[in-house]
Amino acid sequence: MARMTLDELRALRETKRQDLARRDVEGKDIQIIVGMGTCGIAAGAKLTFDALVDSIQKHGLESKVIIRQTGCMGLCYVEPTVEVVFPGMPTVIYGKMTSDAAEALVQKHLVEHALLDNHIFDRPAADILKK
Amino acid sequence: MHYAIVDFVTDIAQNACESGASRVGIVFSEDDERVDVIVEDDGKGMGAEQLARALDPFYTDGEKHPGRKVGLGLPFLKQAAEQDGGRFRIRSEKGRGTAVEFGFDKRNVDCPPVGDVPGMLLSALCMPGGHEMTIARRRGSLSYEVSKSELIEALGNLEEVSSLTLLKQFLRSQEEG
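A brief structural summary.

Residues and elements named next belong to chain A. Ordered by their spatial adjacency, 4 strands build an open sheet running 2-1-3-4, and the pairing between neighbours is mixed. Strand pairing shows two members of the sheet lacking a second neighbour, strand 2 (65-70) and strand 4 (92-94), which therefore form its edges. Here the average twist between neighbouring strands, direction ignored, is 20°. In this sheet, strand 3 (residues 82-85) lies alongside strand 1 (residues 30-35) in antiparallel orientation, the contact comprising 4 bridges. Looking at strand 3, one finds that Gln31 is bridged to Val85.

Next up on the list: the environment of Ser99 of chain A. All names here are of chain A. Positionally, Ser99 belongs in helix 4 (residues 99-111). Separated by 47 residues in sequence, Ser99 and Leu52 place their C-alpha atoms 7.6 Å apart. The contacts of Ser99, once residues within four sequence positions are left out, are Leu47, Thr48 and Ala51.

Another point: the packing of aromatic side chains. Residues and elements named next belong to chain B. In this structure the tally under the stated criterion is 3 aromatic pairs over all chains. Relative to Phe104, the ring of Phe8 has its centre 6.1 Å away and its plane inclined at 35°; by these criteria the two rings are tilted. Of the two residues, Phe8 sits in helix 1 (residues 5-17) while Phe104 sits in strand 4 (residues 97-105), which places them 96 residues apart along the sequence. For Phe8, a relative accessible area of 1% translates into the label buried. Considering the side-chain rings of Phe102 and Phe104, the 6.1 Å spacing of their centres and the 90° angle between planes classify their relative orientation as edge-to-face. By relative accessible area, which is 0% here, Phe102 ends up buried. An aromatic cluster is defined as three or more aromatic residues linked by ring pairs; in this entry it consists of Phe8, Phe102 and Phe104.

All names here are of chain B. Spatial strand order, 3-4-2-1-5-6: 6 strands in an open sheet with mixed pairing. Every interior strand has two partners, whereas the edge strands, strand 3 (87-93) and strand 6 (142-147), have only one. Neighbour-to-neighbour, the strand axes of the sheet open up by a mean angle of 5°, direction not taken into account. The sheet contact formed by strand 2 (residues 34-41) and strand 4 spans 8 bridges and is antiparallel. Bridge assignment links Ile38 to a residue of strand 4, and that residue is Glu101.

Attention shifts here to helix 4 of chain A. Residue and element names in this part refer to chain A. In a regular helix each residue adds 1.5 Å, so 13 residues correspond to 18 Å; helix 4 covers 17 Å between its end C-alpha atoms and thus fits that length. Among the residues of helix 4, Ala101, Ala102, Leu105, Val106, His109 and Leu110 are the ones counted as buried. At the C-terminal side of helix 4, His113 shows a positive phi close to 60°.

What follows deals with the environment of Ser92 of chain B. Residues and elements named next belong to chain B. Within the secondary structure layout, Ser92 lies in strand 3. Classification of Ser92 as buried rests on a relative accessible area of 19%. Setting aside residues no more than four positions away along its own chain, Ser92 makes contact with Gly45, Met46, Leu51, Gly97 and Thr98. A polar contact is formed between the side chain of Ser92 and the backbone oxygen of Gly97, at a distance of 3.3 Å. A distance of 2.8 Å separates the side chain of Ser92 from the side chain of Thr98, its partner in a polar contact.

For the rest of this paragraph, the subject is the interface of chain A and chain B. Taken residue by residue, the interface counts 38 residues in chain A and 48 residues in chain B. In terms of surface lost to chain B, no three residues of chain A exceed Arg3, Arg13 and Lys46 of chain A, which account for 19% of the buried area on that side. Linking chain A with chain B are 5 salt bridges. One salt bridge connects Arg68 of chain A with Glu159 of chain B, and the closest N-O pair in it is separated by 2.7 Å. Viewed at the interface, chain B and chain A are joined by 14 residue pairs in polar contact (both at pLDDT 80 or more). Those elements that place two or more of their residues in the side of chain A that touches chain B are helix 1 (6-23), helix 2 (38-42), helix 3 (45-58) and strand 2 of chain A. Partitioned by chemical class, the residues of the side of chain A that touches chain B number 19 nonpolar, 8 polar and 11 charged.

Conventions adopted
- Residues numbered from 1 in each chain as written.
- Chains lettered and ligands numbered in written order.
- Predicted model: local features only at pLDDT ≥ 70, side-chain atom pairs only at ≥ 80, totals over all residues.
- Heavy atoms only, no water.
- Pairing = 2+ DSSP bridges.
- Helix = DSSP H or I, 4+ residues; strand = E, 2+ residues; numbered from the N terminus.
- Axes fitted to C-alpha atoms, helices over the stretch in contact; angles between N-to-C directions.
- Contact = heavy atoms within 4.5 Å.
- Phe/Tyr/Trp six-rings, centres within 6.5 Å; stacked < 30°, edge-to-face > 60°.
- Buried < 20%, exposed > 50% of the residue type's maximum accessible area, 1.4 Å probe, protein only.
- Expected span 1.5 Å × (residues − 1).
- Polar contact = N/O pair within 3.5 Å; in protein donor to acceptor, adjacent residues only side chain to side chain.
- Buried area = accessible area lost by both parts, 1.4 Å probe.
- Salt bridge = Lys/Arg side-chain N within 4 Å of Asp/Glu carboxyl O.
- Nonpolar A, V, L, I, M, F, W, Y, C, P; charged D, E, K, R; others polar.

What follows is the structure in structure tokens.
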């Protein structure tokens, strides 16, 4: 693969945008938030982040999902942690999200609209909630 | 403890992005013998006393996590770099910003693996905040520079997975030389 220029990147973006516009019916209303604090990174959150991007693309959901990064969510004992905000479903914080678990999350939560068992750790610990 | 050198960079870059900075700069250079990194920001910075305490793992300012007793990011990095024959230096000024510089000696048997550099840059570029981020990357004779603003101009919102996928492809292609 040759080095891509910014102009080539722009052109590729245009091509993809046109492809996606045809599928973009529901808007970007799904948010995935990955904990990238010291604890998350040490537990492999970057691999989780990569696995989420790849898996969402594989399922053709890339025009509907936003992935954000944040610091520690207060659940250092079950890192990596991933919060999913999906309209019509409860907002859930998942823990122990290895890259395999991240793929399972995309399949279960985003595709099947069901919660992924054994990884649910609910809301952030009270000590980090903003007042 | 972090597994790879890029994980330390992600950690320190995340601090910089949360420092209220308007500019964050990352320089990541490597050759066969060394890895040298600079992460600097023009965010809130620290005074001399706070800076000294930031290197104590049992200190945290308590702002991010009230009730917590540890702050491990910088102490982990300092320990890892210094025990492997590398170096660590931090400069900071209250209200002006912080610069963290560190290096690892690849020839040292305890040097951590470098890790996935374009993957780390993707994560760093997409961290939230309205700041500009510039990245200068050198590996032997390969070198390139990218900035967050030019990537946003080309791709739009970097948090959308459609942008993330293209940006990942773009950054990987830069490493091809």
